[in-house]
Protein chains: 2
Amino acid sequence: MNDAVDLDRVLAHVDARRDEYVTRVMEYVRHPSISAQNIGIAEVGVILLDMLGKLGLEAESIPTARHPMILGRWHGKPGAPTVILYGHYDVQPPEPLELWHSPPFEPTIRDGRIYARGIGDNKGQHFAQLMAIEAHLAVTGTLPCNVIVLLEGEEEIGSPHIAEFVREHRDKLKADLVVTADGPLHISGLPIVTFGVRGVASFELRAKTASRDMHSGNYGGVAPNAIWSLVHLLGTMKNAAGEITIEGLQDRIIPPTNAERDAAARLPLDLEGVMSDLGMTHLDAPANRPFYDRLMFHPTLTINGLHGGYGGAGSKTVLPASAVAKCDIRLVEAMTPQDVFACVAAHVAKHAPDVEFVPQGGMLPSKTAVDSPFAPAVITASRLGNGVDPLLFPLLGGSLPDYVFTKILDLPAFGTPYANADEANHAPNENLSLDCFHKGIRTGAALLSELGKMRV
Amino acid sequence: MNDAVDLDRVLAHVDARRDEYVTRVMEYVRHPSISAQNIGIAEVGVILLDMLGKLGLEAESIPTARHPMILGRWHGKPGAPTVILYGHYDVQPPEPLELWHSPPFEPTIRDGRIYARGIGDNKGQHFAQLMAIEAHLAVTGTLPCNVIVLLEGEEEIGSPHIAEFVREHRDKLKADLVVTADGPLHISGLPIVTFGVRGVASFELRAKTASRDMHSGNYGGVAPNAIWSLVHLLGTMKNAAGEITIEGLQDRIIPPTNAERDAAARLPLDLEGVMSDLGMTHLDAPANRPFYDRLMFHPTLTINGLHGGYGGAGSKTVLPASAVAKCDIRLVEAMTPQDVFACVAAHVAKHAPDVEFVPQGGMLPSKTAVDSPFAPAVITASRLGNGVDPLLFPLLGGSLPDYVFTKILDLPAFGTPYANADEANHAPNENLSLDCFHKGIRTGAALLSELGKMRV
């Protein structure tokens, strides 16, 4: 039978079940699976095992030191490529709860979007991949290529065990490429294909300046203030001009290639639209940096949270004895979390020896060559699924554990994100548009067909 | 009858009722009266009215725009001085609740101390004044001098209406001096008499850099971060050397007189004891400033709280769009909250025009001459109540609305604090030692006797 005709039938099957898929994904994301708080992970693992088994995949849950990997394999097409479809079934904590317009784990449709924690990042996206597999099997009784579904339960806490897992289970992960559906489309609504991601290194800075909080009148001027300690320390780490001033941090940066710069320069930009959508009056410092350079070619130092002292109603004349800042640094090639932690530790020891530096999760950056032999199949699938040519991103700003594929398994790794740009992942009112979800299933179906045309 | 004999009989009466007073003050502080949260204020006002009436004072509750003033007057000794005994019946918010070893409004005795919110600041202290009045009346049927008890319900929110109240009710407040029992004894345990207080100006800095929180990977480098805005702004307001760098803020400071410097220099200092009690390894910057100079002769800029972004368990790669810092500045003569707010507003407008500056409560500083004709009576009362000479403080670090007495009513105003130095006022586990409470009642009784020896 003709490949193109098969895909047409599969896409027709998908289009006819648009509402059914919505109902089913809402049932899926109703179950919390918050890795940072260890809530619901095991329960959602069981749901996925059942789901993969019913699809006809060889399903198994493989323990790690914390949350298990869920694996589903299908190897019925010898000679065709094998694609690893990676995703993660854990979600971010939903706090602050009071800013949600509907409860994070009671999925709600408003204005053509599903609102729920995890609907965009990442449960709605890998659920779309599973529906693509289901559609092929339902229509043709087979898949065009071999598939390994790999779903992680620790992505939102920095994927602490996936590297070890990949090293230990190379035999179960023999493949030709990796495709991940995570993150958002371009702000314009155009689909994208990505070839790399920034890495990340998260840490806490903990200041404790006395054994108890004090009265700011009785002790102001005498007792050191934990919040001031953090303010002054942070001020030495990044200046108001936006320059990271941690010594040595940027020593190992590999500048972007000309091809990467060219790809970034070709990307469209509706700066006014971005600013308006996010309610921003200006970009972050430094002011003169090209937009995509900010996301692709430079590390960042983000304060994720800073809390100390009184935060209730009215005023309170307290002098706080403790405060904590949570931070992350985004990494570009060839920075490593290990190097970054060493630089930050040395910086803190020099500038604020009383402040405790606590390294947390980290992840290496990843890059795949834009001329990989699998790139055309991935790009074509995106066009077939969305009806328009995708934009090509040499790098994404966010972090995914693609390095385990590119640096440990030595495979090309591509991203085909399905979510709307304003999905509000990691924030209150996370959402996924019904249209994006549907096109995601179509793209997934087309990917399997396109890969099925290749021989390895 | 002989004045000294009368006082001996009154003090014997007080000594015999030591346990009874403890039971009664615990019943009093059991009732919350949190002005910032508008909890329990009216109820405690009613309790006080009843208490003052039963003492035999002419009691009334006089409304202000927010929380009422409770007034109790006794004018049975023409020719003798009239003393205003000022206190406040509102308390600080008890948060963070999880750090209390017993609930803040369930008074508990442990190791010779009563633990409860407000027991030291200030309900236990003005309750001691009332017991002193009760004892005189019980033993002699009269008071040695005229008394006006003035209890405020808004001290912990910056006394926004006491100035207006004092101006409007000058007729009810005709007096010769003011005595306030609030704040702690010296860290050595010695009693103190104070002649002035620093002022205060509280404000918030609110940063809002976008309409919603974002993912630090997808927007890190692009979107400004509200916490970084505050960190960099605050860094321009006070440097790591401890110098306040807000332009114009210190222009109106009157340097201390030689007499004040001498008095400060005579005060004992157990620096190691202070550091050890508070669990501090070093004093606040600048390092070379004499200890009492820090509390008496310099303004401070305290960050009371800073909150933005994620503060829960684990890490969260969020880029926060909003953050708030609560601050207070302590004022020395002749700074005013009005001037300070103008300086800070101009500074914020110059350095971080996107940050919102929100002035809150303020209070003027206050000073009384150390050679006031009423000083000997106050000092003698402290010695008689405590059995030891008090230390004389030209200024206290904390803020009390004494300026309404010294600057509006033009009266000398003295402080005779009764609480132990580690009372933990404004902090979890606020406490008052049973011994301090008892000596406070004795000092109050002696004060009335000493003033009764004077004629005006």
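Residues numbered from 1 in each chain as written. Chains lettered and ligands numbered in written order. Predicted model: local features only at pLDDT ≥ 70, side-chain atom pairs only at ≥ 80, totals over all residues.

(A) Inspection of the overall build of chain A at higher detail. In terms of helices and strands, chain A carries 14 helices and 19 strands. Taken against the 2.2 N^0.38 rule, which gives 23 Å for 456 residues, the C-alpha radius of gyration of chain A at 23 Å falls within 12% of a compact globule. Taken along the three principal axes of its C-alpha coordinates, chain A extends 85 × 45 × 45 Å. The 456 residues of chain A split such that 57% are buried. Across chain A, the fraction of contacts at a sequence separation of at least 24, relative to all contacts at a separation of at least 6, is 81%. (Helix = DSSP H or I, 4+ residues; strand = E, 2+ residues; numbered from the N terminus. Rg over C-alpha atoms; globule rule 2.2 N^0.38 Å. Buried ≥ 20, exposed ≤ 12 C-beta atoms within 10 Å, placed from the backbone. Contact = placed C-beta atoms within 7 Å.)

(B) Representation of the packing of helix 1 (residues 3–16) of chain B against helix 14 (residues 434–452) of chain B. All names here are of chain B. Between helix 1 and helix 14, the least distance of the axes is 10 Å, while the angle of their chain directions is 165 degrees. In terms of their interaxial angle, helix 1 and helix 14 are classed as roughly antiparallel. Both helix 1 and helix 14 take part in a crossing whose hand is right-handed. Residue-level inspection shows Asp3, Asp6, Leu7, Val10, Leu11 and Val14 of helix 1 in contact with helix 14, the latter providing Ile441, Arg442, Ala445, Ala446, Ser449 and Gly452. Residue composition of the contact of helix 1 with helix 14, grouped by class: seven nonpolar, two polar and three charged. (Axes fitted to C-alpha atoms, helices over the stretch in contact; angles between N-to-C directions. Parallel < 35°, antiparallel > 145°, perpendicular 65-115°, else oblique. Left-handed = near helix turned anticlockwise from the far one by under 90°. Nonpolar A, V, L, I, M, F, W, Y, C, P; charged D, E, K, R; others polar.)

(C) Spatial organisation of the nonpolar core. Core analysis: the largest hydrophobic core is formed by 264 residues, its most contacted members being Leu230 and Ala445 of chain A together with Leu230 and Ala445 of chain B. Discounting residues that sit within four places of it in the chain, Ala445 of chain A has contacts with Leu7, Val10, Leu11, Val14, Ala132, Ala135 and His136 of chain A. (Core = buried A, V, L, I, M, F, W, Y, C linked by C-beta atoms within 7 Å.)

(D) Examining the interface of chain B and chain A more closely. In this assembly, 80 residues from chain B lie in contact with 80 residues from chain A. No other element matches strand 12 (residues 300–309) of chain B, which puts nine residues into the side of chain B that touches chain A. Class assignment of the residues belonging to the side of chain B that touches chain A gives a composition of 29 nonpolar, 39 polar and twelve charged. Relative to strand 12 of chain B, strand 12 (residues 300–309) of chain A is paired through five bridges, and the arrangement is antiparallel. Within strand 12 of chain B, the position partnered with Leu306 of chain A by the bridge is Gly308 of chain B. (Pairing = 2+ DSSP bridges.)

(E) Region of the structure containing the sheet that holds strand 19 (residues 431–433) of chain B. Residues and elements named next belong to chain B. On the basis of which strands lie adjacent, the open sheet formed by three strands has the order 4-5-19 and antiparallel pairing. Strands at the two margins of the open sheet, each flanked by one partner only, are strand 4 (108–110) and strand 19. Pairwise comparison of adjacent strand axes, ignoring direction, gives a mean angle of 30 degrees for this sheet. Where strand 5 (residues 113–115) and strand 19 come together, three bridges link them in antiparallel fashion.

(F) Looking closely at the pairing of strand 2 (residues 69–74) of chain B. All names here are of chain B. Burial analysis of strand 2 places five of its six residues in the buried class, the great majority of the element. With five bridges connecting them, strand 1 (residues 58–62) and strand 2 associate as antiparallel partners. When the sheet's bridge partners are listed, Ser61 is paired in strand 2 with Ile70. Hairpin connection between strand 1 and strand 2: a loop of six residues separates the two successive antiparallel strands. The pairing of strand 2 with strand 6 (residues 146–152) spans five bridges and is classified as antiparallel. Bridge assignment links Trp74 to a residue of strand 6, and that residue is Val147.

(G) Spatial organisation of the environment of Val149 of chain B. Residue and element names in this part refer to chain B. By the element assignment, Val149 lies in strand 6. With 24 C-beta atoms packed within 10 Å, Val149 lands in the buried category. As a C-alpha pair, Val149 and Leu57 span 92 residues in sequence and 8.8 Å in three-dimensional space.

Geometric values such as these leave the question of function open.
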